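Coordinate inspection notes
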Amino acid sequence: MATPRFQNRTVVVTGAGSGIGRATAIRLASESARVIGVDVSRHRLRSLEEELGSSVVTIDGDLTDQLTIDRVIAHLRTGVHGLANVAGIMDGFEPTAEIDDETWDRVLSVNLTAMMRLTRAVLPQMIAAGGGSIVNVSSEAGLRGSAAGTAYTTSKHAVNGFTLSTAFFYTPHGVRCNAVAPGPVATNIEAPFRSEEAQRRLGPIMQATLPAIAKPEALASAIVWLLSDEASDVSGAILPVDGGWAAV
Ligand SMILES: NC(=O)c1ccc[n+]([C@@H]2O[C@H](COP(=O)([O-])OP(=O)(O)OC[C@H]3O[C@@H](n4cnc5c(N)ncnc54)[C@H](O)[C@@H]3O)[C@@H](O)[C@H]2O)c1
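What comes next is a walk through the structure. (Residues numbered from 1 in each chain as written. Predicted model: local features only at pLDDT ≥ 70, side-chain atom pairs only at ≥ 80, totals over all residues. Heavy atoms only, no water.)

Some thoughts on the site of the ligand
Of all residues adjacent to the ligand, which total 28 residues, the nearest are Ser18, Asp39, Tyr152, Val185 and Thr187. At 2.9 Å, a side-chain N or O of Asp62 approaches a nitrogen atom of the ligand. One of the side-chain N or O atoms of Thr187 is found 2.6 Å from an oxygen atom in the ligand. Within the complex, 93% of the 820 Å² of free accessible area of the ligand lies under protein. Broken down by class, the residue content of the shell around the ligand amounts to 13 nonpolar, ten polar and five charged. (Near = heavy atom within 4 Å. Polar contact = N/O pair within 3.5 Å; in protein donor to acceptor, adjacent residues only side chain to side chain. Areas by Shrake-Rupley, 256 points an atom, 1.4 Å probe, with all protein chains shown as cover. Nonpolar A, V, L, I, M, F, W, Y, C, P; charged D, E, K, R; others polar.)

Thoughts on helix α3 (residues 66-74)
Those residues of α3 not exposed but buried are Thr68, Ile69 and Val72. When α3 is viewed along its axis, its buried side chains cluster within an angular range of 100 degrees and face the same direction. Between the side-chain oxygen of the N-cap and the backbone nitrogen of Leu67 there are 3.0 Å, and the N-cap of α3 in question is Asp65. (Buried < 20%, exposed > 50% of the residue type's maximum accessible area, 1.4 Å probe, protein only. Helix = DSSP H or I, 4+ residues; strand = E, 2+ residues; numbered from the N terminus. Arc of directions from axis to C-beta.)

Some words on the nonpolar core
In this structure, Val13, Leu28, Val35, Val180, Ile223 and Leu227 are the most contacted members of the largest nonpolar core, which totals 28 residues. Listing elements by their share of this core, those giving two or more residues are β1 (10-14), α1 (19-30), α2 (42-52), β5 (132-137) and α7 (216-227). The element contributing the most residues to this core is α7, with six residues. Other than its neighbours up to four places away in sequence, Val35 contacts Val11, Val13, Ala25, Leu28, Ala29, Ser55, Val56 and Val57. (Core = buried A, V, L, I, M, F, W, Y, C linked by side-chain atoms within 4.5 Å. Contact = heavy atoms within 4.5 Å.)

Observations concerning the pairing of strand β4 (residues 82-85)
Of the two faces of β4, the one carrying Gly82 and Ala84 and the one carrying Leu83 and Asn85 are both buried. Examined bridge by bridge, β1 and β4 share three bridges and lie parallel to one another. Pairing of Val12 across the sheet is with Leu83, part of β4. Direction of pairing for β4 relative to β5: parallel, over a ladder of four bridges. Within β5, the residue paired with Asn85 across the bridge is Asn136. Taking the sense of rotation as the criterion, the β-α-β connection linking β4, helix α4 (residues 101-128) and β5 turns out right-handed. (Pairing = 2+ DSSP bridges. Right-handed = clockwise from strand over helix to strand, strands pointing away.)

Concerning the packing of aromatic side chains
Considering all chains together, one arrives at two aromatic pairs under this definition. Judged by centre distance (3.9 Å) and plane angle (5 degrees), the ring pair of Phe93 and Phe193 falls under stacked. You can see Phe93 sitting in the loop between β4 and α4 and its partner Phe193 sitting in the loop between β6 (175-182) and α6 (196-209), a full 100 residues away along the chain. Using a relative accessible area of 6% as the deciding quantity, one classes Phe93 as buried. A relative accessible area of 32% places Phe193 in the partly exposed class. Taken together, a centroid distance of 4.9 Å and an interplanar angle of 70 degrees make the contact between Phe168 and Phe169 edge-to-face. (Phe/Tyr/Trp six-rings, centres within 6.5 Å; stacked < 30°, edge-to-face > 60°.)

A short note on the side chain of Asn160
The residue Asn160 is located in helix α5 (residues 150-170) in this model. Setting aside residues no more than four positions away along its own chain, Asn160 makes contact with Ser138, Gly142, Leu143 and Ile238.

What about a negative patch on the surface?
Negative charge collects at one region of the surface, where Asp100, Asp101, Glu102 and Asp105 lie side by side. Structurally, the position occupied by Asp100 is in the loop between β4 and α4. When its relative accessible area of 32% is taken as the criterion, Asp100 is described as partly exposed. (Patch = residues over 30% accessible without salt bridge, like charges linked within 9 Å, V, L, I, M, F, W, Y side chains within 5 Å. Salt bridge = Lys/Arg side-chain N within 4 Å of Asp/Glu carboxyl O. Lys, Arg positive; Asp, Glu negative; His and termini not counted. Charge placed at Lys NZ, Arg CZ, Asp CG, Glu CD.)

Focus on the sheet that holds β1
Spatially, β3-β2-β1-β4-β5-β6-β7 is the arrangement adopted by the seven strands of the open sheet, whose pairing is parallel. Both outer strands of the open sheet, β3 (56-60) and β7 (238-241), are each paired with one neighbouring strand and no more. Mean inter-strand twist for the sheet, computed between neighbouring axes without regard to direction, equals 15 degrees. This element, α1, spans β1, β2 (34-39), β4 and β6 of the sheet and lies at about 165 degrees to β1. Sheet strands in contact with α3 are β1, β2 and β3, and its direction is about 160 degrees off that of β3. (Axes fitted to C-alpha atoms, helices over the stretch in contact; angles between N-to-C directions.)

Focus: the pattern of salt bridges
In this structure the tally under the stated criterion is twelve salt bridges. Between Arg5 and Glu230 there is a salt bridge whose closest N-O contact spans 2.6 Å. Of this pair, Arg5 sits in the segment before β1 while Glu230 sits in the loop between α7 and β7, and the two are 225 residues apart along the sequence. A relative accessible area of 24% places Arg5 in the partly exposed class. What makes Glu230 exposed here is its relative accessible area of 54%. Overlapping salt bridges bring together Arg5, Arg27, Glu31 and Glu230 as one network.

Pasting the structure below:
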């Protein structure tokens, strides 16, 4: 029997209450990781606790709140090997002229600023331990301009830049940083079409090109691979995990 890939390793997973984050937490626990699952929904985390028992420690809180980040760091007494920045929200497919400030601020704050703050807080421990692996969840919308509204598209392109810059600065310290870019995945994410212009312009493109909807486990598998030592020479990659959508 091969040694489990995450034996004696702690991995923080955000958005662990649902969808891709939940599947990632479950997969990591099945490979002996000690999982720290973070989500704004206490109710969803309780269900994860029921599934994983003592393999998971959960922290309920909004990641845009620095207090939540501080609580995560307080739980890393035995160091941290991995960080999966999965939590994220969609916009309402609003094109630029239709963006309201509230949507813009919330999408950028959850998808980008919270990711930066948690990564910034975790990095010193990874560096001190001689290495680690960070995986950010981007999106097909981070690869082009025709998969979401402007706020979400901007946030995910920024996630890619954040991933590359982090990889550039910290790979020499043993910390790898990569991103996965999912296509459509069957989760609880809300994606309301709030713009007629977007419906008119994006609708036909999506209808013609959208691949089959993936299961969250397919994303978890790629994320966990990047977190593991099997990807030991991979850093700064933005990996489409989208059933070939980016190739269209
Ligand atoms: N589902 C898709 O089709 C799809 C496609 C491309 C990219 N993504 C990305 O995948 C990631 C995961 O999304 P999902 O589809 O699994 O959605 P999901 O809604 O099922 O899960 C996301 C989880 O993140 C949590 N969350 C949201 N905001 C938070 C905050 N401020 N603080 C703490 N927790 C918060 C939610 O409560 C939820 O449990 C997101 O970054 C999303 O942009 C999803």
